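# Reading the structure
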Amino acid sequence: MRCFSCHRLSLSLICQTCQERLFKPSIKKRQVGQLEVYSFYPYSTIESLLLLKHKPQGYRVFNYLAQITFRPFIQAYIAEDSRDIAIIGVDEKIKEGYSHIACLSKQMQTAHSHPQYASLLSQNSIKYAGKTRKYRENNPRDFLYTGKENIDAILIDDIITTGSTLSQAYQVLQKHTVSVDFALVLADVNE
Ligand SMILES: [Zn+2]
């Protein structure tokens, strides 16, 4: 097959060279209101991969990215903290046969962390890509939460831009007495 990043022949999804040079994750923390958000890459580093999210190849790419970022992160986290924790992906709607956010949540499954799939869905189809903060504030995503109440959770998304989406998701979860430890995203646009 060919490397998804440089298109040279490769034995794996991302060739050894790209894995070492480009895709070494480095964790950054950002504060959005009361919510702490951890990201693994500057957006520009993995943009070509993230743009595959509504294409059939995206399924393998998102699984792969989550395996080298979210998975080691949650394993280290539960090693220190043995509470049961729900994994809540933001808007796990299915497009092209899969949800790219659910690919990320799935890699967070451990003995103590359990994905609660599609439990936080936007009730409209408003898109924030390329829109200003003002637009985002005036056009809420209108999330509906249908998962369990009185639980601890980690919130999952692919990218953070202004933080509007995560902040809206966080507020809805708080109303349902879901205590969010923090949010994890693959990439930060402002990094
Ligand atoms: Zn490559």
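Everything in this summary refers to the structure shown in the same document.

What counts, and where the lines are drawn
Residues numbered from 1 in each chain as written. Predicted model: local features only at pLDDT ≥ 70, side-chain atom pairs only at ≥ 80, totals over all residues. Pairing = 2+ DSSP bridges. Helix = DSSP H or I, 4+ residues; strand = E, 2+ residues; numbered from the N terminus. Axes fitted to C-alpha atoms, helices over the stretch in contact; angles between N-to-C directions. Expected span 1.5 Å × (residues − 1). Buried ≥ 20, exposed ≤ 12 C-beta atoms within 10 Å, placed from the backbone. Right-handed = clockwise from strand over helix to strand, strands pointing away. Contact = placed C-beta atoms within 7 Å.

## Digging into the sheet that holds strand 4 (residues 113-115)
The strand order 1-2-8-7-3-4 describes an open sheet built from six strands, whose pairing is mixed. Unpaired on one side and paired on the other, strand 1 (28-32) and strand 4 mark the two borders of the sheet. With direction set aside, neighbouring strand axes in the sheet form an average angle of 30°. Of the pairings in the sheet, the one linking strand 3 (residues 85-89) to strand 7 (residues 151-160) comprises four bridges and is parallel in character. Within strand 7, the position partnered with Gly89 by the bridge is Ile156.

## Some points on helix 7 (residues 164-175)
Three or four residues apart is the spacing at which side chains of an α-helix point the same way, because the helix has 3.6 residues per turn. Here helix 7 contains 12 residues, and its C-alpha end-to-end distance of 17 Å stays within 8% of the 16 Å for a straight helix at 1.5 Å per residue. Listing the buried residues of helix 7 in full gives Ser164, Thr165, Leu166, Ala169, Tyr170 and Leu173. Immediately beyond the C-terminal end of helix 7, within one or two residues, lies Thr177, with a positive phi of roughly 50°.

## What about the pairing of strand 3?
Counting buried positions along strand 3 yields five of five residues, so the element is predominantly enclosed. Residues of strand 3 alternate between two faces, with Ile85, Ile87 and Gly89 on one and Ala86 and Ile88 on the opposite face, all of them buried. Bridge count between strand 3 and strand 4: three bridges; the pairing is parallel. For Ile85, the partnering residue across the bridge sits in strand 4 and is Ser113. Where the polypeptide runs from strand 3 across helix 5 (residues 100-106) and back to strand 4, its parallel neighbour, the crossover connection is right-handed.

## Quick word on the environment of Asp142
Looking at the element boundaries, Asp142 is found in the loop between helix 6 (133-138) and strand 6 (143-145). When the C-alpha atoms of Asp142 and Ile126 are compared, they prove to be 9.3 Å apart, with 16 residues separating the residues in sequence. Those residues in contact with Asp142 that sit more than four places away from it in its chain are Ser122, Gln123 and Asn124.

## Overview of the environment of Ile46
Counting through the fold element by element, Ile46 comes out in helix 2 (residues 43-50). In this structure the C-alpha to C-alpha distance between Ile46 and Ser5, which are 41 residues apart in sequence, comes to 8.6 Å. Leave out the neighbours within four places in its chain, and Ile46 touches Phe23, Tyr41, Leu186 and Ala187.

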